[in-house]
Amino acid sequence: MRLSRLLCAFLLAACCCCRRAGGVPGEAEQPEPELVKVEVGRTALLQCGPSHSQGNLSHVEWFSVHKERQTPIFSVHQGRGQSAPGEYQDRLSLQGQGATLALAHVTPHDERIFLCRGGHPRSPGHRIQLRVYKAPEEPSIQVNTVGVTVGRTEPEEVATCVGRNGYPVPQVVWYKNGQPLKEPDRVLIQSSQTVESSGLYTLRSVLKAQLLKGDEDAHFHCELDYQLPSGLYMKESRKVTVPVLYPTERVWLEVEPKGVLKEGDRVEIRCVADGNPPPHFSISKQNSSTTDMEEQPTDDNGVLVLEPARKEHSGWYECQGLDLETMTSLSDRRELLVHAVPEVRVRPEAPEGREGGSLSLVCAADSEETLAFQWLREKTGEVLEKGPELRLHSLNREAAGGYLCVVSVPRVPGLNSTQLVDVAVSGPPWMALRERRVRVQENTMLNLSCEASGHPRPTISWNVGGKASEEAQGAQSVLSVLSVLATPELLQTGVECVASNALGRNTTTIVLELDSNRTTGLTAFTVGPQTRTNHTSAEKKLPEPQSKGVVIVAVTVCLLVLAVLGAVLYFLYKKGRLPCGRSGKQEITLPPSRKSEFVVEVKSDKLPEEMGLLQGSTGDKRAPGDQGEKYIDLRH
């Protein structure tokens, strides 16, 4: 049986070889069809071969060939075309002289062979292969959010790439960190395509791989390679990273900030592990008394925050991590050292010296580190001494006040401490003025203030009765305010302010002067201390009003100056040194004996016809233009 089958197969092969060698009449080998490329939605131009002349195109039949079956779709008679009923009925048209058939709105279903035949029905015709292309949409990529576990024997899904609505099916290429991935290098790529109702393809490609611990930062993306009539193109997806899961092998403690820690810093202690996902952490501190580890409260992120850090925060800390997948526990210990701010002491604690004397201040602090000392003046910030001791010589009142001892640790930047000490310079009370004048109104209530300073701090008393209040103005100053009525007797005697302490006394006399420019009445009048330059009080002297006698003298002097000026001008006029500038002037000639006598010019604003009453008894006529000006001898 088997022998007969072999014999039949041999005879069949021999017949085929003889048929090809000798040829069969009427079965000429078909030529390759003409290739036409077009994109989806465009118009395809099908030419009925370049060898046909215009005369041969008077009668042409067009067919679509699908699975070796020819279906008429268009016919041309005498240069006029007619579509056959069917799927191409509304999309075919002739162009030019009828040699070109236009197929509009090309779809993927139009990818087939088209045949045009002219003349005799037995002619082989011209075959055209229509190729359709469509660029896919931008590829989308979806990463496996669960993650890929390191050490698995089979590749696990990394990401999925989808390219929609392309034709023909595009090719997908996967990349890791810019390098293409190839099978079977621990990589498995599974691709599938779906034909949509439009004839377009949707490609779905799944990348599976065996990843390593170092791939947790690797970037993956896919690329779609596709073809268009104009050439080859490609589209890339966005780059993604996939969670890489691996067990924890080590845990350790991290402290921020790094370096030397000091009191007042914000310190963060956290547990870190080399596994993903990280294990469950807890942070404990060793009790210095019992040596037991006591768990410390942490924030939502598992961080132990020490703010502000103190010296007692120093000690041993332990991080414990429990891997819930492998149920293994790992730990790490670390000693934390918080450098304390040194406690500063100044001797003497309440320094005091007498005016003209000397004083020594000594600063000390306890620390295991090397310390640096500085003395500064509190109110100016001036550095007075670099060292633990400050010597003050020839003390005066300005030397009293605050001094700062600043102790720092050079090895720990920012670690310093400051101690303020007030130096008192003892002496009798000190007042700004011995005498002060104040202008007041009679029968008014006065508020007189008096300020004094000294060490010991003085007390203030007044030599007149009234309501007095006293208020401290610091460690060495005092302010007293006296409310008193400005009686006539008080205006005569004045007021004395007496400041005294154990070392002496001092007095300021307030002289009250009557202010006559103001109306009298029972009113309140406040008089404060005068302004002084030594910063121990704030007094201000009231301005004194100007005297009326000064004004009268000034007015009298002005009148005398005006009179003298008028006489001088008249004398110059009489000598002819000042031209009158008026044409109607009449000159009166006097005898030589009367040349030096004074005369006064009298002017009249009467009209010329009314001036007859002013003419002399001799009947002298007025000169033309005379306006009635006369000179009268004052002696008569």
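As shown above, the structure is provided for reference.
Definitions and limits used
- Residues numbered from 1 in each chain as written.
- Predicted model: local features only at pLDDT ≥ 70, side-chain atom pairs only at ≥ 80, totals over all residues.
- Heavy atoms only, no water.
- Helix = DSSP H or I, 4+ residues; strand = E, 2+ residues; numbered from the N terminus.
- Buried < 20%, exposed > 50% of the residue type's maximum accessible area, 1.4 Å probe, protein only.
- Contact = heavy atoms within 4.5 Å.
- Areas by Shrake-Rupley, 256 points an atom, 1.4 Å probe, with all protein chains shown as cover.
- Disulfide = S-S within 2.5 Å.
- Pairing = 2+ DSSP bridges.
- Axes fitted to C-alpha atoms, helices over the stretch in contact; angles between N-to-C directions.
- Salt bridge = Lys/Arg side-chain N within 4 Å of Asp/Glu carboxyl O.
- 1 Å grid on protein atoms, 1.4 Å probe; cavity = no way out; pocket = protein on both sides within 12 Å on 5 of 7 lines; lining within 4 Å.
- Points joined across faces, edges and corners; volume = space filled by probe spheres on them.
- Nonpolar A, V, L, I, M, F, W, Y, C, P; charged D, E, K, R; others polar.
- Patch = residues over 30% accessible without salt bridge, like charges linked within 9 Å, V, L, I, M, F, W, Y side chains within 5 Å.

Engineer: Can you help me understand the overall build of the protein in this one?
Structural biologist: When helices and strands are tallied, the protein shows three helices and 48 strands. Counting over 636 residues, the protein shows a buried share of 34%. In the protein, 61% of the contacts between residues at least 6 apart in sequence involve partners at least 24 apart. Per element, the accessible surface of the protein, about 39,400 Å² overall, is 52% carbon and sulfur.

Engineer: I keep staring at the state of the cysteines and nothing clicks. Help me out?
Structural biologist: Here a disulfide denotes a covalent bond joining the sulfur atom of one cysteine to the sulfur atom of another. Scanning the model with the defined rule gives five disulfides in all. Two residues, C271 and C319, share a disulfide whose sulfurs are 1.9 Å apart. Note that C271 is positioned in strand β22 (residues 267–273) and C319 in strand β26 (residues 315–323), a separation of 48 residues in sequence. On the basis of relative accessibility, which here comes to 10%, the residue C271 falls in the buried class. Sulfur-sulfur distance for the disulfide between C363 and C405 comes to 1.8 Å. The sign of the S-S torsion, about -90°, decides the handedness of the disulfide formed by C363 and C405: left-handed. Pair noted here: C363 is in strand β31 (residues 359–365) and C405 is in strand β35 (residues 401–408), with a separation of 42 residues, a long-range link. When its relative accessible area of 3% is taken as the criterion, C363 is described as buried. Residue C405 is classed as buried on the basis of its relative accessible area, which comes to 0%.

Engineer: So what exactly am I meant to see when it comes to the pairing of strand β8 (residues 113–118) here?
Structural biologist: Put simply, side chains in a regular strand alternate between the two faces of the sheet. With six of six residues buried, β8 is to be regarded as a mostly interior element. Across the two faces of β8 the burial is the same, with I113, L115 and R117 and F114, C116 and G118 all buried. Bridge count between strand β3 (residues 59–66) and β8: six bridges; the pairing is antiparallel. Looking across to β8, one finds that E61 is bridged to R117.

Engineer: Honestly, the sheet that holds strand β39 (residues 459–462) in this entry has me stumped. Any pointers?
Structural biologist: Paired through their backbone hydrogen bonds, the strands of a sheet run either parallel or antiparallel. As summarised here, the arrangement of the four strands in space is β37-β43-β42-β39, forming an open sheet in which the pairing is mixed. The two strands at the open ends of the sheet, each matched to only one other strand, are β37 (435–440) and β39. Across this sheet, the average inter-strand angle for adjacent strands is 25°, counted without regard to direction.

Engineer: How do you make sense of the sheet that holds strand β15 (residues 187–195) when you look at a structure like this?
Structural biologist: With antiparallel pairing, four strands are arranged side by side in an open sheet as β10-β12-β16-β15. Single-partner strands in this sheet number two, and they are β10 (140–143) and β15. Averaged over all adjacent pairs, the angle separating strand axes in this sheet is 15°, with direction ignored. Summarising the sheet, β10 and strand β12 (residues 156–166) pair through four bridges and their orientation is antiparallel. Within β12, the residue paired with I141 across the bridge is C161.

Engineer: In this structure, what is going on with the pattern of salt bridges? I would like to understand it.
Structural biologist: Between side chains of opposite charge, pairing is possible as soon as their charged atoms come close. Going through the model one piece at a time under the given rule, you end up with 22 salt bridges. A salt bridge links R333 to E318, with the shortest nitrogen-to-oxygen separation between them at 3.8 Å. Taken together, the residues span a long stretch of sequence, with R333 in strand β27 (residues 328–336) and E318 in strand β26 at a distance of 15 residues. Three or more residues are tied together by salt bridges with common partners; here these are R266, E268, R270 and E307.

Engineer: Sorry, what's going on with unusual backbone geometry here?
Structural biologist: Negative phi characterises most residues that are not glycine, and trans characterises most peptide bonds. Note the cis peptide between E256 and P257, where omega equals 0°. Cis peptide bonds are those with omega within 30 degrees of zero, and the linkage from H455 to P456 qualifies with 0°. Following the sequence through the fold, P456 ends up in the loop between β38 (445–455) and β39. Notably, H105 is not glycine yet its phi reads approximately 50°, a positive angle. Along the chain, H105 turns up in the loop between β7 (100–103) and β8. The class of H105 is exposed, set by a relative accessible area of 55%. Of note, the phi angle at T291 is positive, near 65°, even though the residue is not glycine. With respect to the helices and strands, the residue T291 is situated in the loop between β23 (280–286) and β24 (293–295).

Engineer: How should I be thinking about empty space enclosed by the protein in this particular structure?
Structural biologist: A probe matching the size of a water molecule, rolled over the atoms, marks out where space remains unfilled. In total, this model carries one cavity of 30 Å³ or more according to the counting rule given. One number sums up the size of the largest cavity: a volume of about 30 Å³. Taken together, L253, V255, I269, Y317, R334, E335 and L336 make up the lining of the largest cavity. Secondary structure elements with two or more residues in the lining of the largest cavity: β20 (251–256) and β27. A breakdown of the residues in the lining of the largest cavity according to their chemical character gives five nonpolar, no polar and two charged.

Engineer: Sorry if this is basic, but what is going on with a nonpolar patch on the surface here?
Structural biologist: On the surface, a nonpolar cluster with roughly 310 Å² of combined accessible area is contributed by L322, L324 and M327. For L322, the location among the structural elements is in strand β26. With a relative accessible area of 30%, L322 lands in the partly exposed category.

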